[in-house]
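# Understanding the architecture of this molecule
What follows is each chain in one-letter form.
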Amino acid sequence: MTQPAVDARNADQIAYWNGPGGRHWTDRQQLQDVVLAPVSKILIERAAVKAGETVFDIGCGCGATSFDLLTQVGPGGHVTGVDISEPMLGRARELAPPNMPIEFVLADATVYPFPPASADMLFSRFGVMFFAQPSDSFANMRKALRPGGRLAFACWRTPRDNTWMMLGLQEAYKYVPKLPEMKPDDPGPFSFASEERVRRILGEAGFSNVEMDRVDLLLDIATGRGLEAAIETTLAIGPTSRALENQPPDKIEATTQSIRTMLASHQKGDTIPLGGSIWIVTATNPR
Ligand SMILES: C[S@@+](CC[C@H](N)C(=O)[O-])C[C@H]1O[C@@H](n2cnc3c(N)ncnc32)[C@H](O)[C@@H]1O
């Protein structure tokens, strides 16, 4: 397959999403979409996409939100999922309904030549926090929007507010070395936690009417299937999975036991609801 043009500054993230990150998300696609369904619901409501509209789903991964968007735009609209991960896009293409106006493009959103002024909306569930120079990426993406076109995305707030990702990491750190310290601007799941930073990035990229709403929610990391399922989620996703990469089996086993004990104390029947906190960010392309 022809490799897409990429921004060399995104190389580490591109390697990660075509390597372990892409593998974990693709293996867990169905479960991950259940865990994150509350986020999709809120974001889709806030995006208020209308029948017949043209939408780009940035960092669409395995396509869950692209399919939600397709339902909104209907047969008269169009959805393009854009992502840099071959394995995740492969899954999205497998799941895509035939003969519907949806397509998936392997591309780095920072440099992809979006058809100019062609879209009503840029949308993303957690796909825009991994750019090395986000204002350049958003400026490039904005070119896809018609004058007055909209942006709507969800990103994580601080680690402290996202216990569903951090409790596992605290257990892992009893056995494995800490991840390299991240600077607040480093690409990663929490790089858009600062409201001031997101507003600056979108302003520099030329967006107007930026609004950021904090939404706190509970995510059932067990997907209604009990303790072992919640352990799987914790080990496979986010910073805990990164900390456990290439660790020896005895350390992984010790961490798993520790996570089991910790999660059992949060269990409610077959669910394990833990706190998550996001920003819903909306903005417009000036007319
Ligand atoms: C946390 S995952 C979210 C996936 C999907 N939106 C979801 O909610 O299931 C982040 C996604 O952003 C994609 N991504 C990271 N950097 C990108 C880039 N420069 N251009 C396009 N996609 C990118 C990754 O490949 C990955 O699929």
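Throughout what follows, the structure given in this document is the object of discussion. What you see is a predicted model; the values in this text were computed from it and never measured.

### Quick notes on the pattern of salt bridges
Counting across every chain of the model gives 18 salt bridges. In this structure, Arg214 engages Asp161 in a salt bridge whose closest nitrogen and oxygen atoms are separated by 3.8 Å. Here Arg214 is found in strand 6 (residues 208-220), whereas its partner Asp161 is found in the loop between strand 5 (145-156) and helix 8 (163-172), with 53 residues between them in sequence. One salt bridge in this structure joins Glu171 and Lys174, with 2.6 Å as the shortest N-O distance.

### Some thoughts on the nonpolar core
Among the nonpolar cores identified, the biggest contains 88 residues, and Phe138, Phe153, Trp156, Trp164 and Leu263 are the most heavily contacted of them. At seven residues, the largest contribution of residues to this core is made by strand 5. Every residue in contact with Leu263, bar those within four places of it in the chain, is listed here: Ile221, Leu227, Ala230, Ile231, Thr234, Ile272 and Leu274.

### Notes on the layout of surface pockets
As a volume, the largest pocket reaches approximately 950 Å³. In terms of lining, the largest pocket is formed by 35 residues, of which the most central are Leu179, Pro180, Glu181, Met182 and Pro187. Residue assignment for the lining of the largest pocket shows that the elements contributing at least two residues are helix 1 (11-18), helix 8 and helix 11 (238-244).

### Side note on helix 10 (residues 227-236)
Judged by how many residues are buried, helix 10 sits mostly within the fold: seven of 10 residues are covered. Three or more residues of helix 10 are buried, namely Leu227, Ala229, Ala230, Ile231, Thr233, Thr234 and Ala236. Against the buried residues of helix 10 lie helix 2 (20-27), helix 3 (29-35), helix 8, helix 11 and helix 12 (249-264). Immediately downstream of helix 10, the backbone of Gly238 shows phi near 65 degrees, a positive value.

### Brief notes about the environment of Glu94
The topology assignment puts Glu94 in helix 6 (residues 86-95). Measuring from C-alpha to C-alpha, the distance between Glu94 and Cys62 comes to 9.2 Å, with 32 residues separating the pair along the chain.

### Brief notes about empty space enclosed by the protein
All told, the structure shown has two cavities of 30 Å³ or more when counted by the stated rule. As for the largest cavity, its lining consists of 41 residues, and the residues nearest its centre are Trp17, Gly59, Phe126, Gly127 and Phe130. Tallying contributions element by element places helix 1 first for the lining of the largest cavity, with four residues. Broken down by class, the residue content of the lining of the largest cavity amounts to 24 nonpolar, 11 polar and six charged. When its volume is computed, the second largest cavity comes out at roughly 60 Å³. When contributions to the lining of the second largest cavity are tallied by element, the ones reaching two or more residues are helix 8 and helix 10. Residues of the lining of the second largest cavity, tallied by class, amount to four nonpolar, three polar and no charged.

Cut-offs used in this document
Residues numbered from 1 in each chain as written. Predicted model: local features only at pLDDT ≥ 70, side-chain atom pairs only at ≥ 80, totals over all residues. Heavy atoms only, no water. Salt bridge = Lys/Arg side-chain N within 4 Å of Asp/Glu carboxyl O. Helix = DSSP H or I, 4+ residues; strand = E, 2+ residues; numbered from the N terminus. Core = buried A, V, L, I, M, F, W, Y, C linked by side-chain atoms within 4.5 Å. Buried < 20%, exposed > 50% of the residue type's maximum accessible area, 1.4 Å probe, protein only. Contact = heavy atoms within 4.5 Å. 1 Å grid on protein atoms, 1.4 Å probe; cavity = no way out; pocket = protein on both sides within 12 Å on 5 of 7 lines; lining within 4 Å. Points joined across faces, edges and corners; volume = space filled by probe spheres on them. Nonpolar A, V, L, I, M, F, W, Y, C, P; charged D, E, K, R; others polar.

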